[in-house]
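# Survey of secondary and tertiary structure
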Amino acid sequence: MPHGRSRVTASRGWYRRRYETGYEAVTPESWYQLRMGTQIASTEQLVADGVRELARRTRFPVAFGGLFRHGEVSVTTIIGNRTHHLDGLQVRPERGLGGRAMIELRPRMTNDYRSSEQITHDYDVFVLGEGLRTLLALPIVVEGRPRGVLYAGAWEQSQVGGVTTAPAMSVAQRIATELRIRDEVERRLRQTTPEPVLAAPQREDLRESFAELRSIASSLADESLRERIAAVERRLLGVVGPESSAESVSNVHLSPRELDVLACAALGCKNSEIAAQLGLKEGTVKAYLGSAMSKLDASTRHAAVTHARRLGLLP
């Protein structure tokens, strides 16, 4: 672990040099705030309020939900749970009850989750771990696109009809309306206040640093340190932003290793160089790169990097 500490310390030193002394007019915080505008409440708070309202209006004992980000919905608020099994739940489109609701853009429910044949059971360890039997999933839909999911559940079998679904959907629609308003405010801010653009040397420095952070995080066993590094990575992505705002909400989900390899490939590294930097075999690097290219529908690594940048997955 001393080796891990030295690398993290070096990373922090890089962060101070680059953003506190190197580019005095630029900080991740100021760029992110400019890009997102001033908001009355965070999107996570918006979801938290919605989950509480969902529980109140449906009288289901358990409610949880989250918004779509980087190809999946990360559950950020859970209330009424008896265990911690729902912690860390991340739902991808088409997978599970929530994924089906996102794809179909309408509520989906089951009053016997364990035996349901209408859904995939990717998330049984979370749902059945909590002991839920009845589950209602409500997509948050903005301009015809899924932006999140709310769930209401019970430990016993319950019948869910229109009397329950209607007020539940009104909660999801209220969140969707607020998100639509924020999107419009952001769009107008972009039109009236042009975003600063990083100079080419600064952008390349940032990309190199992002790849180095990914490499450092992959070598650490300490989960808390990895989470802190991941937070810095997200702030760097906020500085650059997706190259195409039209594609900023995407169903593409890259695994951590796929993203590690692609971040190195974005710097022009060969497979052998990526393998040495990440401590992998060259064949493993090739496999991860091929998987990332397939998910990004790209025939070359250059096309994969370009697509990932448009989606905001790489700086």
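Predicted, not measured: the structure shown is a model, and the values here were computed from it.

Now for the overall build of the protein chain. Along the backbone of the protein chain there are twelve helices and six strands. When the 315 residues of the protein chain are sorted by exposure, 46% land in the buried category. Across the protein chain, every contact between residues at least 6 apart in sequence was considered, and the portion connecting residues at least 24 apart equals 66%. Roughly 16,000 Å² of accessible area belongs to the protein chain as shown, and the carbon and sulfur atoms make up 50% of that amount.

A word on the sheet that holds strand 5 (residues 134-142). Read from one edge of the open sheet, six strands run 3-2-1-6-5-4, paired in antiparallel fashion. The two strands at the open ends of the sheet, each matched to only one other strand, are strand 3 (90-91) and strand 4 (108-110). The pairing of strand 5 with strand 6 (residues 145-154) spans nine bridges and is antiparallel. Bridge pairing in strand 6 places Thr134 opposite Ala154.

The final tally for this structure, using the stated rule, is one aromatic pair. Ring plane angle 15 degrees and centroid distance 4.6 Å describe the contact between Phe64 and Tyr151, whose orientation is recorded as stacked. Residue Phe64 is found in strand 1 (residues 62-69), and its partner Tyr151 is found in strand 6; the two are separated by 87 residues along the sequence. The class for Phe64 is buried, based on a relative accessible area of 1%. By relative accessible area, Tyr151 is classed as buried at 4%. The residue whose ring lies beneath Arg82 is Trp155, and the NZ or CZ to ring-centre distance is 3.5 Å.

Attention shifts here to helix 7 (residues 200-218). In this model, helix 7 (19 residues) spans 27 Å end to end at C-alpha, consistent with the 27 Å of a helix rising 1.5 Å per residue. Looking at helix 7, one finds that the buried residues are Arg203, Leu206, Arg207, Ser209, Phe210, Ala211, Leu213, Arg214, Ser215, Ile216 and Ala217.

Here we come to the pairing of strand 5. With respect to burial, strand 5 is a largely interior element, eight of its nine residues being buried. Pairing geometry for strand 4 and strand 5, over three bridges, is antiparallel. In the sheet register, Arg108 faces strand 5, and the bridge partner there is Ala137.

Turning our eyes to something else, we now look at the pattern of salt bridges. Enumeration over the complete set of coordinates arrives at 15 salt bridges. The shortest N-O distance in the salt bridge between Glu104 and Arg100 comes to 2.7 Å. Within this pair, Glu104 and its partner Arg100 are both found in helix 4 (residues 96-104), separated by four residues, close to a single helical turn. Its salt-bridge partner being Glu104, residue Arg108 comes within 3.5 Å of it at the nearest N-O pair.

The subject of this paragraph is the nonpolar core. Core analysis: the biggest nonpolar cluster contains 27 residues, and Leu254, Leu262, Ile274, Leu296, Leu313 and Leu314 have the highest contact counts within it. Elements that contribute at least two residues to this core include exactly helix 7, helix 9 (256-265), helix 10 (271-278), helix 11 (282-295) and helix 12 (301-310). Broken down by element, this core gets its largest block of residues, six residues, from helix 9. When sequence neighbours within four positions are dropped, the list of residues in contact with Leu262 reads Leu254, Leu289, Leu296, Ala304, Val305, Ala308 and Leu314.

Even without being glycine, Arg59 reaches a positive phi, approximately 65 degrees. In this structure, Arg59 sits in the loop between helix 3 (43-58) and strand 1. Look at Glu94: it is not a glycine, yet its phi comes out positive at around 80 degrees. One can find Glu94 in the loop between strand 3 and helix 4.

Turning our eyes to something else, we now look at the environment of His70. Summarising the element assignment, His70 is placed in the loop between strand 1 and strand 2 (72-79). Sequence-wise, His70 and His253 are 183 residues apart; in three dimensions their C-alpha atoms are separated by 6.2 Å.

Within the secondary structure layout, Ala263 lies in helix 9. For the pair Ala263 and Arg207, spaced 56 residues apart in sequence, the C-alpha to C-alpha distance is 7.8 Å. Among residues more than four places away in sequence, those in contact with Ala263 are Phe210, Ala211, Arg214 and Leu314.

Let us now look at the pairing of strand 2. Pairing analysis gives seven bridges linking strand 1 to strand 2, with the strands arranged antiparallel. When the bridges of strand 2 are listed, Phe68 appears paired with Val73. Two elements, strand 2 and strand 3, share two bridges in a ladder whose sense is antiparallel. Bridge pairing in strand 3 links Val73 to Val91.

The next subject is the side chain of Glu72. Checked against the element boundaries, Glu72 lands in strand 2. The side chain of Glu72 is buried and forms no salt bridge, while Arg92, the nearest opposite charge, is found at 5.2 Å. A distance of 3.4 Å separates a polar atom in the side chain of Glu72 from a polar atom in the side chain of His253. For Glu72, the contacting residues outside a window of four places in its chain are Leu67, Gln90, Val91, Arg92 and His253.

Reading the values: the criteria
Residues numbered from 1 in each chain as written. Predicted model: local features only at pLDDT ≥ 70, side-chain atom pairs only at ≥ 80, totals over all residues. Heavy atoms only, no water. Helix = DSSP H or I, 4+ residues; strand = E, 2+ residues; numbered from the N terminus. Buried < 20%, exposed > 50% of the residue type's maximum accessible area, 1.4 Å probe, protein only. Contact = heavy atoms within 4.5 Å. Areas by Shrake-Rupley, 256 points an atom, 1.4 Å probe, with all protein chains shown as cover. Pairing = 2+ DSSP bridges. Phe/Tyr/Trp six-rings, centres within 6.5 Å; stacked < 30°, edge-to-face > 60°. Lys NZ or Arg CZ within 6 Å of the ring centre and 35° of its normal. Expected span 1.5 Å × (residues − 1). Salt bridge = Lys/Arg side-chain N within 4 Å of Asp/Glu carboxyl O. Core = buried A, V, L, I, M, F, W, Y, C linked by side-chain atoms within 4.5 Å. Lys, Arg positive; Asp, Glu negative; His and termini not counted. Polar contact = N/O pair within 3.5 Å; in protein donor to acceptor, adjacent residues only side chain to side chain.

Distances and angles like these do not, on their own, reveal function.
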